[in-house]
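Coordinate analysis (summary)
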Amino acid sequence: MWKLKVADGDNNDPYIFSTNNFIGRQVWEFDPDYGTREVQAEVEAARENFWENRHLIKCNSNLLCRMQLLREKNFKQTIPQVKVGDGEEITYEIAKTAMRRGAHFFSALQASDGHWPAEIAGPLYFLPPLVMCLYITGHLDTVFPAEYRREILRYLYCHQNEDGGWGFHIEEHSTMISTTLNYICMRILGEGPDGGRDNACARGRKWIRDRGGVTSIPSWGKTWLSIFGLFDWSGSNPMPPEFWLFPSFLPIHPGEDLYYPHPLIQDLMWDTLYICTEPLLTRWPFNKLRQKALEVTMKHIHYEDENSRYITIGCVENVFFLQWIMSIKTICLFFGVLIWLNYIEQSLCMLACWVENPNGDYFKKHLARIPDYIWVGEDGIKMQGFGSKSGTLLLPYKHF
């Protein structure tokens, strides 16, 4: 059964470190011997209840976490429940009793290190790139053994829309990028063309085909499909890394480009530069400029990694930084996405480090931080966007 571990970390592990003794860290691990049969049955009942109501209530209730914390503290609600009938006056004493009852329950959910464990998830394009990243690097079976795969698939099944697709997040209508990425994720995890609970794969594939195929997928999706050899690179928007060599005060510099709209002339200029200059930049002596640009790029990545202790700002950067992976075309494309979406970084940096040195410490330090982004609920395993423990502490503190 799954168990939440709080403030857990090994200071003797060379690939993971903390400046506060891991206070606020929350990671899940699978322990086959954890929990009695009654507790396991309660967890299974919560999972099935979510499945039966998945189209009515999209968000889970963190029941696995709550069950564990309340069980460990042997919590008993001692403040009686108050009920107010229609037209009945809500007195001060009634309101005070209700507040005390709620505070008594909520305080029992506080972890031993002082924070309130919680997930920050919902987007459905976070988890598939992580699975794809680990598949590319050859670490999928090590990081996600059978128990993890089962819960990842549960999450994908639970949040598949009735029309067969997946939304950008759990509350949204189906979109091409999320449906395509989640379909590929299921196939990587071992589901056949017609596999998955409630015919998940067949329904997802039908949704894609009914809308003309994946040619309408946005740039992120096109890049992933190109990496897997399923989409031609000519259909992806280029982003030459040489732009990082420009002075930072220029609007064309990627670090500033986040704040400027893209006029048509800029897009035309980029495409022209790519078509005309890319053949030159991959040949001597101009390829030395490309190498210099990539070195500058990696300096930015390593700085961010070390500064954040390999947690980075958010989860997707560590997966989506695929410009370092397969080819010069990948390199040209995705560093621009990093800048435009620099708040979701974790996975991008990990793959960049893997391409730089698959056996290097930089990549291994990223692998050690993957558990920080995993959360287990009654709807399965999801990848969190951020790990803001200060937020989950300050909001309850202010409420109290």
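Everything below is about the structure printed above this text.
Keep in mind the model is a prediction, meaning the values are calculated, not measured.

Here's the deal with the packing of aromatic side chains
What describes a pair of aromatic rings is the distance from one ring centre to the other and the angle between the planes of the rings. Taken as a whole and assessed by the stated rule, the structure comprises 10 aromatic pairs. Here the aromatic cluster, defined as three or more aromatic residues joined through ring pairs, consists of Trp2, Phe30, Phe144 and Tyr148. Between Arg54 and the ring centre of Trp51, over which it is positioned, the NZ or CZ distance is 3.6 Å.

Quick look at the pairing of strand β1 (residues 2-6)
Only one face of β1 is buried: it carries Trp2, Leu4 and Val6, and the other face, with Lys3 and Lys5, is open. Here five bridges tie β1 to strand β2 (residues 26-30), and the two strands are oriented antiparallel to one another. Looking at β2, one finds that Leu4 is bridged to Trp28.

Description of the packing of helix α7 (residues 176-188) against helix α8 (residues 200-210)
The contact between α7 and α8 brings their axes to 10 Å, and the two run at 145°. Seen along the crossing, α7 lies across α8 with a hand that is left-handed. Counted together, Met176, Thr179, Thr180, Tyr183, Met186 and Arg187 of α7 and Ala200, Cys201, Gly204, Arg205, Trp207 and Ile208 of α8 form the full contact between these two elements. A class-by-class count of the residues in the contact of α7 with α8 yields seven nonpolar, three polar and two charged.

A few points about the side chain of Lys365
Within the secondary structure, Lys365 is located in helix α16 (residues 361-369). Owing to a relative accessible area of 15%, Lys365 belongs among the buried residues under this scheme. Setting aside residues up to four positions removed in sequence, Lys365 forms contacts with Pro14, Tyr15, Glu306 and Tyr310.

Analysis parameters
Residues numbered from 1 in each chain as written. Predicted model: local features only at pLDDT ≥ 70, side-chain atom pairs only at ≥ 80, totals over all residues. Heavy atoms only, no water. Phe/Tyr/Trp six-rings, centres within 6.5 Å; stacked < 30°, edge-to-face > 60°. Lys NZ or Arg CZ within 6 Å of the ring centre and 35° of its normal. Buried < 20%, exposed > 50% of the residue type's maximum accessible area, 1.4 Å probe, protein only. Helix = DSSP H or I, 4+ residues; strand = E, 2+ residues; numbered from the N terminus. Pairing = 2+ DSSP bridges. Axes fitted to C-alpha atoms, helices over the stretch in contact; angles between N-to-C directions. Left-handed = near helix turned anticlockwise from the far one by under 90°. Contact = heavy atoms within 4.5 Å. Nonpolar A, V, L, I, M, F, W, Y, C, P; charged D, E, K, R; others polar.

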